[in-house]
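The primary structure of each chain is shown beneath.
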Amino acid sequence: AGDRLPIGIGSLPYSHTVHLTLGTVFHEATAVLESAIASLRDLPLNLVVTVGPSVDPARFGPQPAHVLIEPYVSHALLLPHCCVVVSQGGAGIMFGALSHGLPQLVLPQGGDQFMNAEACQQTGAALSLMPAEVSSHAIAAAVERILIEPSFTATARAIRTEIDALPDAGMTLDTLTAVAR
């Protein structure tokens, strides 16, 4: 049921919601997820975790009421309720978060995610932790910094404004086909 938010999201107790995901390719990096869940569940914020199609949410044990762990939640439905995204930095979630004006903590796991993490961090819209730097303490400290320092959100929102000003797919197609004629 990816077309709706989890039942409990409307009753989460905190004003800040963080989305944690490692996407659909690196979601089996459960040690990273375990560290992130352990560090973020102790902060005064709601945590919505997506663990991917082949990881059982029960694997992470009982969680407090402000932590929801699901196999999948539609980003189109979830991201408007979030204030920070913690992810692996795949292109989909990175651009999804930026298109919603959300700052990020990027925990790259492979492929282009290392370049995406660096690019996001260089803009000022994100922090990143390389695999050797990932720990419960480091994740919590980075998310707290993103929440406390308004520059991360301001930069992410400025990038959202730039994204919103880009031509849509239809306009781009029209331009490309006009040039090809």
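A short tour of the structure in this document, coming up. (Residues numbered from 1 in each chain as written. Predicted model: local features only at pLDDT ≥ 70, side-chain atom pairs only at ≥ 80, totals over all residues. Heavy atoms only, no water.)

**Details of the pairing of strand β1 (residues 17-21)**
At step 1: With respect to burial, β1 is a largely interior element, 5 of its 5 residues being buried.
At step 2: Residues T17, H19 and T21 line one face of β1 and the alternating positions V18 and L20 line the opposite face, and both faces are buried.
At step 3: Where β1 lies against strand β2 (residues 46-50), 5 bridges are found, and the strand directions are parallel. Bridged to T21 within β2 is T50.
At step 4: Sheet topology places β1 next to strand β4 (residues 84-87); 3 bridges connect them, and they run parallel. Counterpart to L20 in the pairing with β4 is V86. (Buried < 20%, exposed > 50% of the residue type's maximum accessible area, 1.4 Å probe, protein only. Helix = DSSP H or I, 4+ residues; strand = E, 2+ residues; numbered from the N terminus. Pairing = 2+ DSSP bridges.)

**So, the side chain of T50**
At step 1: For T50, the location among the structural elements is in strand β2.
At step 2: Judged by its relative accessible area of 5%, T50 is buried.
At step 3: Engagement of the side chain of T50 in a polar contact is seen with the side chain of T21, the distance being 3.0 Å.
At step 4: Setting aside residues up to four positions removed in sequence, T50 forms contacts with H19, L20, T21, L22, E70, P71, Y72 and V73. (Polar contact = N/O pair within 3.5 Å; in protein donor to acceptor, adjacent residues only side chain to side chain. Contact = heavy atoms within 4.5 Å.)

**Notes on the packing of aromatic side chains**
At step 1: Taken as a whole and assessed by the stated rule, the structure comprises 0 aromatic pairs.
At step 2: Sitting over the ring of F60, R59 keeps its end group 5.8 Å from the ring centre. (Phe/Tyr/Trp six-rings, centres within 6.5 Å; stacked < 30°, edge-to-face > 60°. Lys NZ or Arg CZ within 6 Å of the ring centre and 35° of its normal.)

**A look at the side chain of T21**
At step 1: Within the secondary structure layout, T21 lies in strand β1.
At step 2: Classification of T21 as buried rests on a relative accessible area of 4%.
At step 3: A distance of 2.9 Å separates a polar side-chain atom of T21 from the backbone nitrogen of G23.
At step 4: When neighbours within four sequence positions are excluded, T21 is seen to be in contact with T50, H75, V86, S87, Q88 and I93.

**Quick word on the nonpolar core**
At step 1: If you look at the biggest cluster of nonpolar residues, it comprises 31 residues, and the most contacted ones within it are V86 and L105.
At step 2: The dominant element in this core, judged by the number of residues it contributes, is helix α5 (residues 136-148), at 6 residues.
At step 3: Setting aside residues no more than four positions away along its own chain, L105 makes contact with V85, V86, S87, L127, S128, L129, I139, A142, V143 and I146.
At step 4: Counting residues in each nonpolar core, the second largest holds 11 residues, with V73, C82, V85 and L102 among its members. (Core = buried A, V, L, I, M, F, W, Y, C linked by side-chain atoms within 4.5 Å.)

**A closer look at the pattern of salt bridges**
It is possible for side chains of opposite charge to pair when their charged atoms get near one another.
At step 1: Inspection of every chain in the model, using the stated rule, returns 2 salt bridges.
At step 2: Across the salt bridge formed by R59 and E34, the nearest N and O atoms sit 2.4 Å from each other. With R59 in the loop between β2 and β3 (67-70) and E34 in helix α1 (residues 30-40), the pair connects residues that are 25 residues apart, well separated along the chain.
At step 3: E149 is the salt-bridge partner of R145, the closest N and O atoms lying 2.9 Å from each other. (Salt bridge = Lys/Arg side-chain N within 4 Å of Asp/Glu carboxyl O.)

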